[in-house]
Amino acid sequence: MTFDFDRRSKSLWMDVAVAPEASPLSGDRSCDTVIIGAGIAGISTAYELATQGQKVIVIDRGRIAGGITARTTAHLAPLCDDLTSEMIKLRGDDISRAFYESHAAAIDRIEEIQKKHGIACDFRRLDGFLFQALDTDPKIIDEEFDAVCKIGAPVHRIVGVAFEHCDAQHALKYPQQATFHPLKYLRGLAEEIVGRQGQFYAGTAVSEIAENEDGTVTVKSDGGLVTARAAVVATNSPISNLFTLHTKMAPYRSYAMAFEIRAGGLPDALYCDTLDPYHYVRLQPGDQQKNYVIVGGGDHKSGEADDAGLRFGALDAWARNLIPALGEETHRWSGQVLETIDYAAFIGRNPGNDNIYVHTGDSGPGITHGVVGSLLNSALILGKKARWTDVYEPGRKTPMAAGNFLKENLTAVKNFAEYLAPGELKSFDELKPGTGAIIRQGVSKCAAYRDKSGELLVRSAACTHIGCHLNWNSFETCWDCPCHGSQFAVDGTALNAPAVASLDLMEDKH
Ligand SMILES: Cc1cc2nc3c(=O)[nH]c(=O)nc-3n(C[C@H](O)[C@H](O)[C@H](O)COP(=O)(O)OP(=O)(O)OC[C@H]3O[C@@H](n4cnc5c(N)ncnc54)[C@H](O)[C@@H]3O)c2cc1C
Ligand code: FES
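The rules behind these values
Residues numbered from 1 in each chain as written. Chains lettered and ligands numbered in written order. Predicted model: local features only at pLDDT ≥ 70, side-chain atom pairs only at ≥ 80, totals over all residues. Heavy atoms only, no water. Helix = DSSP H or I, 4+ residues; strand = E, 2+ residues; numbered from the N terminus. Rg over C-alpha atoms; globule rule 2.2 N^0.38 Å. Buried < 20%, exposed > 50% of the residue type's maximum accessible area, 1.4 Å probe, protein only. Contact = heavy atoms within 4.5 Å. Areas by Shrake-Rupley, 256 points an atom, 1.4 Å probe, with all protein chains shown as cover. Lys, Arg positive; Asp, Glu negative; His and termini not counted. Charge placed at Lys NZ, Arg CZ, Asp CG, Glu CD. Pairing = 2+ DSSP bridges. Near = heavy atom within 4 Å. Polar contact = N/O pair within 3.5 Å; in protein donor to acceptor, adjacent residues only side chain to side chain. Nonpolar A, V, L, I, M, F, W, Y, C, P; charged D, E, K, R; others polar. Salt bridge = Lys/Arg side-chain N within 4 Å of Asp/Glu carboxyl O. Expected span 1.5 Å × (residues − 1). Arc of directions from axis to C-beta. Core = buried A, V, L, I, M, F, W, Y, C linked by side-chain atoms within 4.5 Å. Disulfide = S-S within 2.5 Å.

- Per an unreviewed UniProt entry, the recorded name for the protein chain is FAD dependent oxidoreductase, and the organism is Nitrobacter hamburgensis.

Written out as structure tokens, the structure reads:
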């Protein structure tokens, strides 16, 4: 049985195909730069290099732009979503200012590219609002106002936002933020890349990236080898190193829903509240005069909850309380973000390499991070002056983030203790069709799934990255690893990096 990627949750964007003609790689190739991972980071980097004369190859193990980018909500907001006041505490004023400037430059770059090539992707500039959640203290708004003023970003202190019950809520208004349809934008970029002899290969899993003695790079995939002068690992979570970067970030799952909304039902803007985890809201024009409102939130650490239904229910109730014009639900989906311990991504040369570059640690603003990464990594590859290297240097140490480092890495320690716990079910016979559970077999733990026709699939419950214990994700029908965010299909295929190899087959002794 082969896992169907579309059986996972479906977002509002997924009907748009990006580079649908891309086929699996078959045979060896060479190029200037090979990019592994075709999300916003990989495709944007390929675009920057291809438009500056490089021959690029982009490889993805799934569909092109079928990863987390297809599950985004695409608020293009240039400020740290963990709050600028928090970022200043960890990294100071100058780095926080440079962070803001780099994300603002990324939004400018998206605007420039879609305009230049006439990409119809619903790009628009609009206001963003951070508003005091109901029944909370407005102090956070004051602190954030001071922090944002300190780094020189445009902001207005206001009272009241356009939601029901929110006339008296304190808020910050950020002018000139933006939004778009992410896959329509990437479809346009992919066409420009292909028009410059760039090549896309879908359904091609990369297993190894190595630097050769002569400085070239060889990428090994299940379809053949690609030799290049440089490689960019843009697999969301890096497959180019086992530990270094993974200990400095942690996977969180977020949930989003789309609802119909009548024209004029809510002003077109970006909205976030001050809760932790926060709610986020935006509008999206649809076809045939339908408009949608997208509502997100309900975040938790990956693999530590399997209650998507409850989270969607809470999002629905929250949205209906605040947005009376909310219509029928049309989509619900979830995805993962990698939160770094100091709020900025890791972009640049992969630690220990000269010609392998990495982009990871997307955090909340992962779309703009992806575009920042394309500007920074393409400049490094082309030997140009790269901006913002001190913000994003992958090997950086942030002493003030030691508390976050310890907190996030405790997950792995706790996780290994799960191998000692009993299974969730005593035997395979208890497993109902369409469900998965962890079952003990002697000293081993199995990840067992029974499909709707009754067929049983039994795989090892040990993640193939570095062995953490997997948990069942009933909403996406797959296995989640809480340590660094790998996901596996019920047949054991790795779906999400950093894992590359499939889960081991287990004999089912039921
Ligand atoms: C619900 C939700 C809401 C969000 N909202 C926002 C928002 O409002 N604003 C914002 O800026 N960001 C937002 N984000 C974050 C943002 O969407 C992501 O950070 C971003 O899309 C990640 O892009 P990427 O290119 O790094 O990864 P991806 O899009 O996941 O691309 C990586 C690709 O690498 C491929 N790959 C992995 N391993 C291999 C391998 N071994 N071989 C070959 N290919 C491989 C994958 O198949 C995948 O296609 C949100 C995320 C979620 C989940
Ligand atoms: S993702 Fe690292 S152990 Fe699973």
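Digging into the overall build of the protein chain
Thought 1: Summing up its helical and strand segments, the protein chain has eight helices and 24 strands in all.
Thought 2: Relative to the globule expectation of 24 Å for 510 residues, the C-alpha radius of gyration of the protein chain, 22 Å, shows essentially globular dimensions.
Thought 3: In terms of principal-axis extent, the alpha carbons of the protein chain reach across some 65 × 55 × 50 Å.
Thought 4: Residue burial in the protein chain is summarised as follows: out of 510 residues, 59% are buried.
Thought 5: Pairs at least 24 residues apart make up 69% of the contacts formed inside the protein chain by residues separated by at least 6 positions.
Thought 6: Of the roughly 20200 Å² that the protein chain leaves accessible, carbon and sulfur atoms contribute 51%.
Thought 7: Averaging the locations of the 50 positively and 65 negatively charged side chains of the protein chain gives two centres separated by 2 Å.

Things to note about the sheet that holds strand β24 (residues 494-496)
Thought 1: Strand order in the open sheet formed by four strands is β21-β22-β23-β24, and the pairing between neighbours is antiparallel. Looking at strand neighbours, the two that pair on one side only are β21 (471-473) and β24, the edges of this open sheet.
Thought 2: As paired strands, strand β23 (residues 487-488) and β24 are joined by two bridges and run antiparallel to one another. By the bridge assignment for β24, Gln487 is matched with Asn496.

Quick notes on the site of ligand 1
Thought 1: Neighbouring residues of ligand 1: 35 residues in total, closest Asp60, Thr69, Thr72, His75 and Asp362.
Thought 2: With respect to ligand 1, the side chain of Asp60 contributes an N or O atom lying 2.6 Å from an oxygen atom.
Thought 3: The backbone of Ile367 places a nitrogen or oxygen atom 2.9 Å from an oxygen atom of ligand 1.
Thought 4: When ligand 1 sits alone it has 1000 Å² of accessible area, and the protein chains cover 96% of it.
Thought 5: Listing elements by their share of the shell around ligand 1, those giving two or more residues are α1 (40-50), β15 (326-340) and α6 (366-381).
Thought 6: Its residues assigned to classes, the shell around ligand 1 shows 15 nonpolar, 16 polar and four charged.

With respect to the side chain of Ser254
Thought 1: Tracing the backbone through its elements, the reader meets Ser254 in strand β11 (residues 249-261).
Thought 2: The buried category is assigned to Ser254, whose relative accessible area is 10%.
Thought 3: A distance of 2.5 Å separates a polar atom in the side chain of Ser254 from a polar atom in the side chain of Tyr280.

A look at the pairing of strand β12 (residues 270-273)
Thought 1: Of the two faces of β12, the one holding Leu270 and Cys272 and the one holding Tyr271 and Asp273 are both buried throughout.
Thought 2: Where β12 meets strand β13 (residues 280-285), two bridges bridge the pair, whose relative direction is antiparallel. Counterpart to Tyr271 in the pairing with β13 is Val281.
Thought 3: Linking β12 back to β13 in an antiparallel pair, the connection comprises six residues.

Describing the pattern of salt bridges
Thought 1: Taken as a whole, this structure holds 23 salt bridges when the rule is applied.
Thought 2: Between Asp32 and Arg229 there is a salt bridge, with its nearest N and O atoms 3.0 Å apart. Note that Asp32 is positioned in strand β1 (residues 29-36) and Arg229 in strand β10 (residues 224-233), a separation of 197 residues in sequence.
Thought 3: Of the residues examined, Arg229 reaches a relative accessible area of 51% and is grouped as exposed.
Thought 4: Linked through salt bridges whose partners overlap, the residues forming this network are Glu48, Arg109 and Glu112.

Description of helix α5 (residues 308-322)
Thought 1: With 15 residues, α5 ought to run about 21 Å at 1.5 Å a step, and its terminal C-alpha atoms sit 21 Å apart, in line with that.
Thought 2: Listed in full, the buried residues belonging to α5 are Ala308, Arg311, Phe312, Leu315, Asp316, Trp318, Ala319 and Leu322. Viewed end-on, α5 has its buried residues packed into an arc of 165°, placing them on one side of the element. Opposite its buried face, α5 presents the exposed residues Gly309 and Leu310, each directed more than 90 degrees away.

Points about the nonpolar core
Thought 1: Among the nonpolar cores identified, the biggest contains 74 residues, and Ile43, Ile64, Phe180, Tyr185, Leu186, Phe200 and Tyr392 are the most heavily contacted of them.
Thought 2: In terms of residue count, helix α2 (residues 84-116) provides more of this core than any other element does, 10 residues in total.
Thought 3: If sequence neighbours within four positions are ignored, Phe180 has contacts with Trp13, Ala74, Leu76, Ile110, Cys121, Asp122, Phe123, Tyr185, Arg282, Gln284 and Ile367.
Thought 4: Core analysis: the second largest hydrophobic core is formed by 26 residues, Tyr255, Val295, Phe312 and Leu326 among them.

Things to note about the pairing of strand β17 (residues 356-360)
Thought 1: The element β17 is extensively covered by neighbouring structure, given that five of its five residues are classed as buried.
Thought 2: The alternating pattern of β17 places Ile356, Val358 and Thr360 on one face and Tyr357 and His359 on the opposite face, and all of these are buried.
Thought 3: Pairing of β10 with β17, which is carried by three bridges, proceeds in the parallel orientation. Residue Val232 lies in a different strand from β17, and its bridge partner there is Tyr357.
Thought 4: With four bridges connecting them, strand β16 (residues 346-349) and β17 associate as antiparallel partners. Across the sheet, the residue bridging to Arg349 is Tyr357, located in β17.
Thought 5: Connecting the antiparallel pair β16 and β17 is a turn made up of six residues, with Gly352 showing a positive phi of about 90°.

Details of the environment of Ala205
Thought 1: Along the chain, Ala205 falls in the loop between β7 (199-201) and β8 (206-211).
Thought 2: Ignoring any residue separated from it by four or fewer positions in sequence, one finds Ala205 in contact with Arg61, Lys220, Ser221 and Asp222.

As for the environment of Cys478
Thought 1: Inspection of the secondary structure assignment puts Cys478 in strand β22 (residues 478-480).
Thought 2: For the pair formed by Cys478 and Thr493, sequence separation is 15 residues and the distance between their alpha carbons is 9.7 Å.
Thought 3: Look past the residues within four positions of Cys478 in its chain and what remains in contact with it is Asn471, Trp472, Asn473, Gln487, Phe488, Ala489 and Leu495.

Comments concerning the state of the cysteines
Thought 1: Counted by the stated rule, this structure contains one disulfide.
Thought 2: Two residues share a disulfide in this structure: Cys468 and Cys483, whose sulfurs sit 2.1 Å from each other. Measuring handedness by torsion sign, the sulfur bridge of Cys468 and Cys483 sits at about -85° and is left-handed. Linking Cys468 in the loop between β20 (456-460) and β21 with Cys483 in the loop between β22 and β23, this pair joins segments that are 15 residues apart in sequence.
Thought 3: On the accessibility criterion, Cys483 (6% relative accessible area) is buried.
Thought 4: Free of any disulfide, Cys149 has its nearest neighbouring cysteine sulfur in Cys80, separated by 16 Å.
Thought 5: Judged by relative accessible area, which is 40%, Cys149 ranks as partly exposed.
Thought 6: Looking at Cys166, it has no disulfide partner, and the nearest cysteine sulfur is the one in Cys272, 13 Å off.

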